[in-house]
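Per-entry structural report
Listed here are the chains, written in short residue letters.
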Amino acid sequence: KGAGRAAAVLRSIGGGRRSAIELRSCPREASRRELSIGASVAPFDAGIVPKAFAMRALDGTLFKYGPKSANVAFRYGKNDKVAIVVGGLTDGLFATSYVDPLCRELDGLGISTVQTLLTSSHQGYGVCSLDEDAGELADLVSALQRESDPPVSRYGVIGHSTGCQDAVRFCLRGGKPDFVVLQAPVSDRESLGMHGQTEKNIKLAEDLVAQSGGQEVLMPLSTQEDGSPITARRFLSLAAKGGDDEAFSSDLTDTELKNLLGHMDGVPTLVLQSGADEYIPHSEVDAVGQAKRLAAAMGSRARSIVIEGGSHALEDHTDEAVSTIKSFIMEVMLP
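I will try to describe carefully the structure that is included in this document.

Analysis parameters
Residues numbered from 1 in each chain as written. Predicted model: local features only at pLDDT ≥ 70, side-chain atom pairs only at ≥ 80, totals over all residues. Heavy atoms only, no water. Helix = DSSP H or I, 4+ residues; strand = E, 2+ residues; numbered from the N terminus. Buried < 20%, exposed > 50% of the residue type's maximum accessible area, 1.4 Å probe, protein only. Areas by Shrake-Rupley, 256 points an atom, 1.4 Å probe, with all protein chains shown as cover. Phe/Tyr/Trp six-rings, centres within 6.5 Å; stacked < 30°, edge-to-face > 60°. Salt bridge = Lys/Arg side-chain N within 4 Å of Asp/Glu carboxyl O. Axes fitted to C-alpha atoms, helices over the stretch in contact; angles between N-to-C directions. Parallel < 35°, antiparallel > 145°, perpendicular 65-115°, else oblique. Contact = heavy atoms within 4.5 Å. Pairing = 2+ DSSP bridges. 1 Å grid on protein atoms, 1.4 Å probe; cavity = no way out; pocket = protein on both sides within 12 Å on 5 of 7 lines; lining within 4 Å. Points joined across faces, edges and corners; volume = space filled by probe spheres on them. Nonpolar A, V, L, I, M, F, W, Y, C, P; charged D, E, K, R; others polar. Expected span 1.5 Å × (residues − 1). Arc of directions from axis to C-beta.

**Topic: the overall build of the protein chain**
- The helix and strand tally for the protein chain stands at ten helices and twelve strands.
- Going through the 335 residues of the protein chain one by one, you find that 53% of them count as buried.
- Accessible area for the protein chain stands at about 14400 Å²; split by element, carbon and sulfur atoms hold 54% of it.

Laid out in structure tokens, this is it:
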């Protein structure tokens, strides 16, 4: 899920105290732009940027929060309240089009935004797991609370796509955010089921696991439309019923959803579903009804909102996404 998401993807800075880098950019409207990381570098010709792509720029702090090479995050704003943004499969920074304007809106409320990279970001998702993601999110929160300036006193998590599973797993593993936003909590299994090769690839993955002797084994590259390596175990986690990534499927009973999501009870949670999400099999799944079921499974402090006509990443409903998330965070984080 994410920019390329699972359906397309799975076809069928230093030691000791964490270092920080200040990022500065010149005005967005300039015809030539310059990025500084501690010192100026040569400006580049904006003409090389495809005309259809609108460059996004934020000033903030890039910092290392954990021991792994991918454990880098970007903080916008210098407030003691923080919203952590976690993207989906294949995502990195600026996971969705609403992240940039949301950062600016929240900063105006005294809430900073932290966009994080995990080992599973970009093309790393196939050799990682939700538990690993949750552990790295815990490292990030620890760094923000103990070593950032100013130290973070309160925080929440905004998950997009598979980032929603990460947020839920983080809470299961002991994370205590002040709020959670689940934007596009879609079932990977149901999404992958929309593609004809999935059942064949599930059988292949099961055979590989059975023959592996407990070792990790990669799926053939031919099963990967985006070229990312993926283990048979992670493929089954995403594609098979009852896999480790299972959390939001519509064919789960209310009791099964409660077993998977009931630990969210007490955490203010917004289930923000897209009414026209392209990764939902709409002929089989009622997006509005499923969003309500997910919220009900998470207890009395969870609610659902559906953005009618919205796509998976809400790139066509950016303003509505920002205003909806902002209003929810204001309600739970501000006096």
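Back to the text.
**Digging into the packing of aromatic side chains**
- Per the stated rule, a full pass over the model turns up two aromatic pairs.
- Seen from their ring centres, F179 and F328 are 6.3 Å apart, and the 85° between their planes marks the pair as edge-to-face. Note that F179 is positioned in strand β10 (residues 179-183) and F328 in helix α10 (residues 318-333), a separation of 149 residues in sequence.
- Owing to a relative accessible area of 3%, F328 belongs among the buried residues under this scheme.

**Section: the pattern of salt bridges**
- Scanning all chains against the criterion turns up 16 salt bridges.
- Put simply, D245 and R234 hold a salt bridge, and the shortest N to O gap is 2.9 Å. Taken together, the residues span a long stretch of sequence, with D245 in the loop between α7 (232-239) and α8 (254-261) and R234 in helix α7 at a distance of eleven residues.
- We classify D245 as buried; its relative accessible area is 4%.
- Here R234 falls in the buried class, since its relative accessible area comes to 1%.
- A salt bridge links E331 to R303; the nearest nitrogen and oxygen atoms lie 2.8 Å apart. With a gap of 28 residues between them, E331 in helix α10 and R303 in strand β12 (residues 302-307) connect regions that are remote in the sequence.
- R303 sits in the partly exposed class, given a relative accessible area of 33%.

**Quick word on the packing of helix α3 (residues 130-146) against helix α4 (residues 162-172)**
- At a closest axis distance of 8 Å, the pairing of α3 and α4 adopts a crossing angle of 70°. Classified by the interaxial angle, the pair formed by α3 and α4 is roughly perpendicular. Every residue of α4 that contacts α3 at L130, D131, D133, A134, L137, A138 and V141 is listed here: Q165, D166, R169 and F170.

**A look at the environment of F328**
- Placed 149 residues apart in sequence, F328 and F179 show a C-alpha to C-alpha distance of 9.1 Å.
- Those residues in contact with F328 that lie beyond four places of it in its chain are F179, V180, V181, P268, T269, L270 and R303.

**Structural notes on the pairing of strand β6 (residues 72-76)**
- Across the five residues that make up β6, a large majority, five, are buried.
- The alternating pattern of β6 places V72, F74 and Y76 on one face and A73 and R75 on the opposite face, and all of these are buried.
- Judged from the four bridges that link them, strand β5 (residues 60-64) and β6 form a sheet pairing that is antiparallel. Its bridge partner lying in β6, L62 is registered against F74.
- Judged from the four bridges that link them, β6 and strand β8 (residues 111-116) form a sheet pairing that is antiparallel. Within β8, the residue paired with F74 across the bridge is Q115.

**Details of empty space enclosed by the protein**
- What the largest cavity holds in volume is close to 120 Å³.
- Lining the largest cavity are 16 residues, and of these G87, G88, S120, S121 and D166 lie nearest its centre.
- Sorting elements by how many residues they give to the lining of the largest cavity places α4 first, with three residues.
- Residue composition of the lining of the largest cavity, grouped by class: four nonpolar, eight polar and four charged.
- In this model, the second largest cavity occupies a volume close to 70 Å³.
- What lines the second largest cavity is P185, V186, S187, E190, F248, Q273, Y279, I280, P281, V285 and Q290.

**Remarks on helix α6 (residues 198-211)**
- For α6, with 14 residues, the first-to-last C-alpha span of 20 Å sits near the 20 Å given by 1.5 Å per residue.
- Inspection of α6 places T198, N201, I202, A205 and L208 among the buried residues, and these make up the whole buried set. Each buried residue of α6 lies within a common arc of 125° when the element is viewed along its axis, so the set occupies one face. The exposed residues of α6 that point more than 90 degrees off its buried face are E199, K200, A210 and Q211.
- Buried residues belonging to α6 abut α5 (188-192) and α7.
- Remark: G213 follows α6 within two positions and exhibits a positive phi of approximately 65°.

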